[in-house]
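Structural overview for review
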Amino acid sequence: MNGIIVLDKPADFTSFDAVAVVRGLSKERKIGHTGTLDPMATGVLPLLLGRAAKAADLLPDTEKAYRAKFRLGERRDTGDVTGQIAEQDDTPISREILQAALENFQGEIFQIPPMYSAVSVGGKRLYELARKGIEVEREPRKITISRLELGSYEESTREGVLLVTCSKGTYIRVLIEDIARAMGTCGTMTALRRVYACGFSEQDTLSLEELRRLAAEEKLHTVLRPVESLFGDYPGVQVTPAQETRFCNGGSLSVERLKMPRIALTDGLRFSVYGAEGQFLGLAAADVEKNELRFLKKFV
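Let me sum up the structure you'll find in this document. In this text, all values refer to a predicted model and were calculated from it rather than measured experimentally.

1. Comments concerning the overall build of the protein chain
When helices and strands are tallied, the protein chain shows 6 helices and 18 strands. Each principal axis of the C-alpha atoms in the protein chain carries an extent, and together these give about 70 × 50 × 40 Å. Here the protein chain holds 300 residues, and the buried ones make up 47% of them. Long-range contacts, defined here as pairs at least 24 residues apart, represent 67% of the contacts in the protein chain between residues at least 6 apart. Accessible surface computed for the protein chain: about 15400 Å², of which carbon and sulfur atoms make up 47%. The protein chain carries 41 positive and 42 negative side-chain charges, and their two centres are separated by 7 Å.

2. As for unusual backbone geometry
Not every positive phi belongs to a glycine, and aspartate 12 is a case in point at roughly 70°. For aspartate 12, the location among the structural elements is in the loop between strand S1 (3–9) and helix H1 (15–26). Overall, aspartate 12 belongs to the exposed group, its relative accessible area being 66%. In this structure, arginine 158 is a non-glycine residue whose phi angle is positive, near 60°. Along the polypeptide, arginine 158 turns up in the loop between strand S10 (141–154) and strand S11 (159–166).

3. A closer look at the packing of aromatic side chains
Enumeration according to the criterion identifies 7 aromatic pairs in this entry. Pairing phenylalanine 231 with phenylalanine 299 gives two aromatic rings, centres 6.1 Å apart and planes at 45°, and the pair type is tilted. With a gap of 68 residues between them, phenylalanine 231 in the loop between helix H5 (208–216) and strand S14 (236–238) and phenylalanine 299 in the segment after strand S18 (292–298) connect regions that are remote in the sequence. Across the pair, phenylalanine 299 and phenylalanine 231 agree in class, each one buried. With a centroid separation of 5.0 Å and an interplanar angle of 55°, the aromatic rings of phenylalanine 247 and phenylalanine 295 are classed as tilted. Of the two residues, phenylalanine 247 is situated in helix H6 (residues 241–248) and phenylalanine 295 in strand S18; the sequence distance between them amounts to 48 residues. Members of the aromatic cluster, joined through ring pairs, are Phe231, Tyr234, Tyr274, Phe280 and Phe299. Residue placement shows lysine 54 over the ring face of phenylalanine 299; its charged tip is 5.6 Å from the ring centre.

Rules used in this analysis
- Residues numbered from 1 in each chain as written.
- Predicted model: local features only at pLDDT ≥ 70, side-chain atom pairs only at ≥ 80, totals over all residues.
- Heavy atoms only, no water.
- Helix = DSSP H or I, 4+ residues; strand = E, 2+ residues; numbered from the N terminus.
- Buried < 20%, exposed > 50% of the residue type's maximum accessible area, 1.4 Å probe, protein only.
- Contact = heavy atoms within 4.5 Å.
- Areas by Shrake-Rupley, 256 points an atom, 1.4 Å probe, with all protein chains shown as cover.
- Lys, Arg positive; Asp, Glu negative; His and termini not counted.
- Charge placed at Lys NZ, Arg CZ, Asp CG, Glu CD.
- Phe/Tyr/Trp six-rings, centres within 6.5 Å; stacked < 30°, edge-to-face > 60°.
- Lys NZ or Arg CZ within 6 Å of the ring centre and 35° of its normal.

Have a look at this one:
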């Protein structure tokens, strides 16, 4: 079984739990995912089955979008409500103050990864150290917040919802903590839902219950999405039968002999390669010096 299933990950499931369930339903041994979601988080989790699993290390750095609930006046050691309370504060925060604070967290900013994360420092996962009560220095990382809106906010409870569109590697719970700190208080994430990832929205997702029903009816294959849907932003190039054979054998393709789209060729620019009959073959990258598209990976 080859293709993509866009799962609506339920709460209290790790991404690996979700992979294990779908592996059992599909009977497909090779399954990967496109980015870890914390157990408490729900939402868009594209799963890569069969040959599609080879795409995991070639995914475009597309933005992801989240709907996050938060509470001000409380900080937890994990950054969310699954942890223990580490700090409390009674400072009242108006909607106007919060709205003004959000403006300083848009665009390119730096963020320090949380201790409860899968980031490795000195060969150790940070969450492993955190569980032992060890805290280490972490280097700030540059991230991009392209959308940060206040969906709702109740001043009496200091609870609300943030709508965030961001670059890969952004920690929403850290973002909430940093925003709260900028207002002279503390904050924690109370819920998180990923609503967009890898070109898929929450409208594209299927629940585990739906997948179980489809598997029981032997119809799971009907909801598989093609692997090329992950690479919709890449320009495409169609090759002749001879070029198709060369590419599938790992060979480079001469740009002069290809019907190329009218775009500026830059070194490393990736292309989706299609066969003479229109079938997706794989990915290639431009080598400007050699005037070639070099083979990256095939999916046939």
